[in-house]
Amino acid sequence: MTRKSFLVLGACLVLAACGTTHENTGASSGGQQAPAKCGADGKYTIGMSQANVAEPYRQRMDDDIRAAAAAVPQFTVNFADAAQDNSKQVEQVDNFLTQRIDLLIISPNEATPLTAPVKRAFDKGIPVLVLDRKVDGDAYTEFIGADNVDIGRQAGQYFANVLLPGGGKIAEIRGLAGSTPAKERGDGFEQGIQGHNIQIVATQDGDWLRDKGQQQADAILKANPDIQAIYSQNDPMAEGARIAATNAGRADLPITGIDGLPIESGGIKAVQAGRLSATFVYPTGGKEAIDAARQILVDCKQVPKTQTLSTQLVTKDNAVQVYAKLNGGG
């Protein structure tokens, strides 16, 4: 065998080996962190760090992850619930790292407190998928979520064009301060109502929870009995606000939400029943997260830095159709 033939054969053997086993602890091309191992023959443990499963949206997110992962035989997913406690979520992420998980999915309770543990995972070469809520900086593999500024903007436009075309006074019930959707949905809403003579006379944090949404709406209505509508940053707080409005003799007060879960207790059915004037479908990203994990760990592929999920306005005119579509009805 000539020296040239020997070198060609050696190169082919190396490439063949790379096709079946992938070991890389450094950053891959494009600056994306590569996993320590990947390949279809491997078994992989994924840690899912959830901000708070008391919210129906987040329980649905976990359910979507669980269902999607069941179709990937290489995957085992371990779930942790931070119960809206930043310190607890930091500890849970660090526990996942001690367990040497192969990939981390996290929906942060708040951005800044969870930035450091996410970076620790990423710096260890563990792929990190940030789901729905963001962290500071860019030390993660991919962010998966809808555009919350755009959702807020669309909500503001709905108020300006449909609910209060002549202007008026409204209240806003915001999510958890420190979580990026709360700020982004608020910023977008202000953009949507700008120039339409709509005044936000009261703003309170409902922490994404139905009971607190009801408490805040009750206080708002007592202090501002002349408000003409309520913008709630999610459906559970909107449902709480509906109870408060009914108790205050304002059962016809227009209230909108966001999430649009396609379940019996979700926002789409609330719109269909007339409890909410509108909501916006806000995908959980659970299925998409597992698909991204499969691409990274099983297929040894890179994923984009950001995956933006689509949303949709739901009113009484299309609630039945949207519900059916999201439940596989075409």
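Procedures and definitions
- Residues numbered from 1 in each chain as written.
- Predicted model: local features only at pLDDT ≥ 70, side-chain atom pairs only at ≥ 80, totals over all residues.
- Heavy atoms only, no water.
- Phe/Tyr/Trp six-rings, centres within 6.5 Å; stacked < 30°, edge-to-face > 60°.
- Helix = DSSP H or I, 4+ residues; strand = E, 2+ residues; numbered from the N terminus.
- Buried < 20%, exposed > 50% of the residue type's maximum accessible area, 1.4 Å probe, protein only.
- Disulfide = S-S within 2.5 Å.
- Pairing = 2+ DSSP bridges.
- Axes fitted to C-alpha atoms, helices over the stretch in contact; angles between N-to-C directions.
- Contact = heavy atoms within 4.5 Å.

Participant: Break down the packing of aromatic side chains for me, citing the residues and quoting the values.
Facilitator: Applying the stated rule across the entire model yields five aromatic pairs. Here the aromatic rings of F159 and F189 are separated by 5.2 Å at their centres, their planes lie at 85 degrees, and the arrangement is edge-to-face. In this pair, F159 is assigned in helix α5 (residues 148-163) and F189 in helix α6 (residues 180-193), connecting sequence segments 30 residues apart. F189 carries the same exposure label as F159, and that label is buried. Here the aromatic rings of F159 and Y231 are separated by 6.3 Å at their centres, their planes lie at 75 degrees, and the arrangement is edge-to-face. You can see F159 sitting in helix α5 and its partner Y231 sitting in strand β10 (residues 229-232), a full 72 residues away along the chain.

Participant: Describe the state of the cysteines, and please don't skip the residues or the numbers.
Facilitator: In the structure shown here, the tally under the stated rule is one disulfide. With its sulfur 2.2 Å from that of its partner, C38 forms a disulfide with C300. Its S-S torsion of approximately 120 degrees makes the covalent link between C38 and C300 right-handed. In this pair, C38 is assigned in strand β2 (residues 37-38) and C300 in the loop between α10 (286-298) and β13 (306-309), connecting sequence segments 262 residues apart.

Participant: Any details on the sheet that holds β10? Residues and values, ideally.
Facilitator: Strands sit in the order β9-β8-β10-β11 across an open sheet of four strands; the sheet is parallel. Among the strands making up the open sheet, the edge pair consists of β9 (198-205) and β11 (255-256). Judged from the four bridges that link them, strand β8 (residues 168-174) and β10 form a sheet pairing that is parallel. Looking at β10, one finds that I173 is bridged to S232.

Participant: Summarise the sheet that holds strand β6 (residues 128-131); cite the residues concerned and give the values.
Facilitator: Strand order in the open sheet formed by six strands is β4-β3-β5-β6-β7-β13, and the pairing between neighbours is parallel. The outermost strands of the open sheet, each flanked by one partner alone, are β4 (75-81) and β13. Averaged over all neighbouring strand pairs, the angle between strand axes comes to 15 degrees, with direction disregarded. Against the sheet, α10 engages β3 (44-50), β4, β5 (103-107), β6, β7 (142-146) and β13, with an angle of about 135 degrees to β4.

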